[in-house]
Amino acid sequence: MIVTVTLNAALDTTYRVGAVDWDGVNRVSAVHRRAGGKGVNVARVLAALGHDVLAVGLAGGPTGQAVLSDLDSAGLAHAFTPIAGESRATLVISAHPDDPPAAEDPSGGGDPSGGGDPSSAGGLSGAGGFAGTAVPAAGRTALFNEPGPEVTPDELRNFVMSYEARVKAADAVVISGSLPRGVPADFYATLALIAARHGVPAIVDADGEPLRHAPTGRPTIVKPNHEELARAVPGGTPAEGAQALRSRGAESVVVSMGKDGLLAVTPEGDFRARMPYTVAGNPTGAGDALVAGLALGLVEAAAWPERLRRAAALGAAAVAAPVAGDFDHNVYTDIHPKIDIS
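Remember, predicted model here, so these are calculated numbers, not experimental data. (Residues numbered from 1 in each chain as written. Predicted model: local features only at pLDDT ≥ 70, side-chain atom pairs only at ≥ 80, totals over all residues. Heavy atoms only, no water.)

A.B. asks: So what about the overall build of the protein chain? Which residues, and what values?
C.D. replies: A count of helical and extended segments in the protein chain gives 10 helices and 16 strands. When the 342 residues of the protein chain are sorted by exposure, 53% land in the buried category. Sequence-distant contacts, at least 24 apart, represent 72% of the contacts inside the protein chain between residues at least 6 apart. Here the protein chain has roughly 13,700 Å² of accessible surface; of this, 53% comes from carbon and sulfur atoms. (Helix = DSSP H or I, 4+ residues; strand = E, 2+ residues; numbered from the N terminus. Buried < 20%, exposed > 50% of the residue type's maximum accessible area, 1.4 Å probe, protein only. Contact = heavy atoms within 4.5 Å. Areas by Shrake-Rupley, 256 points an atom, 1.4 Å probe, with all protein chains shown as cover.)

A.B. asks: Just give me the short version of the sheet that holds strand E6 (residues 78-83), but keep the residues and values in it.
C.D. replies: On the basis of which strands lie adjacent, the open sheet formed by 10 strands has the order E6-E5-E1-E10-E11-E12-E13-E14-E15-E16 and mixed pairing. Two strands in the sheet have a free side with no partner beyond their single neighbour: E6 and strand E16 (340-341). Sheet contacts for helix H7 (residues 238-247): strand E12 (221-222), strand E13 (252-256) and strand E14 (262-266); angle to E14, the most-contacted strand, approximately 40°. Contacts from helix H8 (residues 286-299) reach strand E1 (2-6), strand E10 (172-176), strand E11 (202-205), E12, E13 and E14 within the one sheet, and its direction differs from that of E11 by about 165°. (Pairing = 2+ DSSP bridges. Axes fitted to C-alpha atoms, helices over the stretch in contact; angles between N-to-C directions.)

A.B. asks: Go over empty space enclosed by the protein with me, naming the residues and quoting the values.
C.D. replies: Counting across every chain of the model gives 1 cavity of 30 Å³ or more. In terms of lining residues, the largest cavity is bounded by Asp12, Thr14, His32, Arg33, Arg34, Val92, Asn282, Thr284, Val323 and Ala324. Taken together, the elements giving at least two residues each to the lining of the largest cavity come down to strand E2 (10-17) and strand E4 (30-36). Taken together, the residues of the lining of the largest cavity break down into 3 nonpolar, 4 polar and 3 charged. (1 Å grid on protein atoms, 1.4 Å probe; cavity = no way out; pocket = protein on both sides within 12 Å on 5 of 7 lines; lining within 4 Å. Points joined across faces, edges and corners; volume = space filled by probe spheres on them. Nonpolar A, V, L, I, M, F, W, Y, C, P; charged D, E, K, R; others polar.)

A.B. asks: Account for helix H9 (residues 304-319), with residues named and values stated.
C.D. replies: In a regular helix each residue adds 1.5 Å, so 16 residues correspond to 22 Å; H9 covers 23 Å between its end C-alpha atoms and thus fits that length. In terms of burial, H9 is largely enclosed, as 13 of its 16 residues are buried. (Expected span 1.5 Å × (residues − 1).)

A.B. asks: Hey, could you go over the sheet that holds strand E9 (residues 141-145) for me, with residue numbers and the actual values?
C.D. replies: The strand order across the open sheet formed by 4 strands is E4-E2-E7-E9, and the pairing between neighbours is mixed. Looking along the sheet, the strands with just one partner apiece sit at the ends: E4 and E9. Pairwise comparison of adjacent strand axes, ignoring direction, gives a mean angle of 15° for this sheet. As paired elements, E2 and strand E7 (residues 88-95) share 8 bridges and run parallel to each other. Note on E7: the bridge partner recorded for Tyr15 is Ile93. Across the sheet, helix H2 (residues 61-74) is in contact with E2, E4 and E7; its angle to E4 comes to roughly 95°.

A.B. asks: How would you summarise the pattern of salt bridges if you had to cite specific residues and measurements?
C.D. replies: Under the definition given, this model contains 12 salt bridges. Here Lys259 and Asp260 are joined by a salt bridge, their closest N and O atoms 3.7 Å apart. Using a relative accessible area of 61% as the deciding quantity, one classes Lys259 as exposed. Arg309 is the salt-bridge partner of Glu306, the closest N and O atoms lying 3.6 Å from each other. With a gap of 3 residues between them, Glu306 and Arg309 both fall in helix H9, about one helical turn apart. A residue is classified by how much of its surface remains accessible, and Glu306, at 30% relative accessible area, is partly exposed. What emerges from the salt-bridge pattern is a single network uniting Lys38, Asp205 and Asp288. (Salt bridge = Lys/Arg side-chain N within 4 Å of Asp/Glu carboxyl O.)

A.B. asks: Could you give an account of the environment of Ala9, with specific residues and numbers?
C.D. replies: Inspection of the secondary structure assignment puts Ala9 in the loop between E1 and E2. A relative accessible area of 2% means that Ala9 is categorised as buried. C-alpha separation for the pair Ala9 and Leu58, spaced 49 residues apart in sequence, amounts to 6.8 Å. Residues contacting Ala9, with those up to four places away along its chain left out, are Gly36, Leu58, Val67, Phe80, Ser87 and Arg88.

A.B. asks: I'd love a proper account of the pairing of E4, names of residues and values included.
C.D. replies: Judged by how many residues are buried, E4 sits mostly within the fold: 5 of 7 residues are covered. With 7 bridges connecting them, E2 and E4 associate as antiparallel partners. Its bridge partner being in E4, Thr13 is matched across the sheet by Arg33.

A.B. asks: A description of the packing of aromatic side chains should follow, citing residues and the corresponding values.
C.D. replies: Under the definition given, this model contains 3 aromatic pairs. For the ring pair Phe159 and Tyr163, a centre distance of 5.8 Å and an interplane angle of 25° mean the geometry is stacked. Highlighted residues: Phe159 and Tyr163, both in helix H3 (residues 153-167), separated by 4 residues, approximately one helical turn. A single burial state applies to Phe159 and to Tyr163, both of which are buried. Measuring from centroid to centroid gives 6.3 Å for Phe159 and Phe187, while their planes differ by 50°, and the two rings are tilted. Of the two residues, Phe159 sits in helix H3 while Phe187 sits in helix H4 (residues 187-197), which places them 28 residues apart along the sequence. For Phe159, a relative accessible area of 1% translates into the label buried. For Phe187, a relative accessible area of 6% translates into the label buried. Members of the aromatic cluster, joined through ring pairs, are Phe159, Tyr163 and Phe187. Positioned over the ring face of Trp304 is Arg307, at 4.3 Å from the centre of the ring. (Phe/Tyr/Trp six-rings, centres within 6.5 Å; stacked < 30°, edge-to-face > 60°. Lys NZ or Arg CZ within 6 Å of the ring centre and 35° of its normal.)

None of this, on its own, says anything about what the molecule does.
Next comes the structure, spelled out in structure tokens:
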């Protein structure tokens, strides 16, 4: 069993649009709502691959209950610690070139559908334009994240007790995403140390101060993207930044670099995974699918080249899927054997 940790769980809403009018009415062609947060996304991918997984974290208020209800509906095992604060919501706006213009109906009429949500690529353009002008956004995605609830020391202690009880029986643990307010910046290092004390390998996927502190918990893998790594270790190349995190305590560091693939700096040497082509779609959740692949590689004791190939293929296949936590099996099957490892 793999345990995934999502301290800042969310109810994710994805809007599919054709363009954005920042000063007028926008028509949404499709809506999708589901439980989210990086650890939850990892759990979804692992479950889709047929692996036993348990999602743990914090959840509170009506939004937190909606998160748990969605996990139940998806058949994902979970053990979230209740908190008094309200869990957050997130909004993804994903543009699609074939959708109608943003303000097609000036009167504001129309009924946004809640059907399927096939999206294409990732970040919204141009808030700058004339008033009332729909700005083409095809092929881009914007993500709006609320900060999350305030967590009390007692709630955090309750979580740690629940986490340790469950991680004892785990094959690996994935600790990922942002921290809600009230959680110390070094908390992921603490969770990694607890796992290590029970002989359980841990993967940490974080940004900012949590990433800078993470290596002190001696995690088996730290997985930043190239921008997160540059913020944590300013200056130098990705390889030098990764080696700096290793010198602070991380056993291995895997850096995701978008269309340029992956870099892994490990005790067995450095490896690069290079992609054969770029997959267009919604990049939200691609890093989580990648982490799911790394976690499987850990529990299966796969050699680094195959571990990276599967992780990179899952990340690319997630871009082709409509929403975070899913991946396109056809893309995965096609791209996996074509990824070059050196």
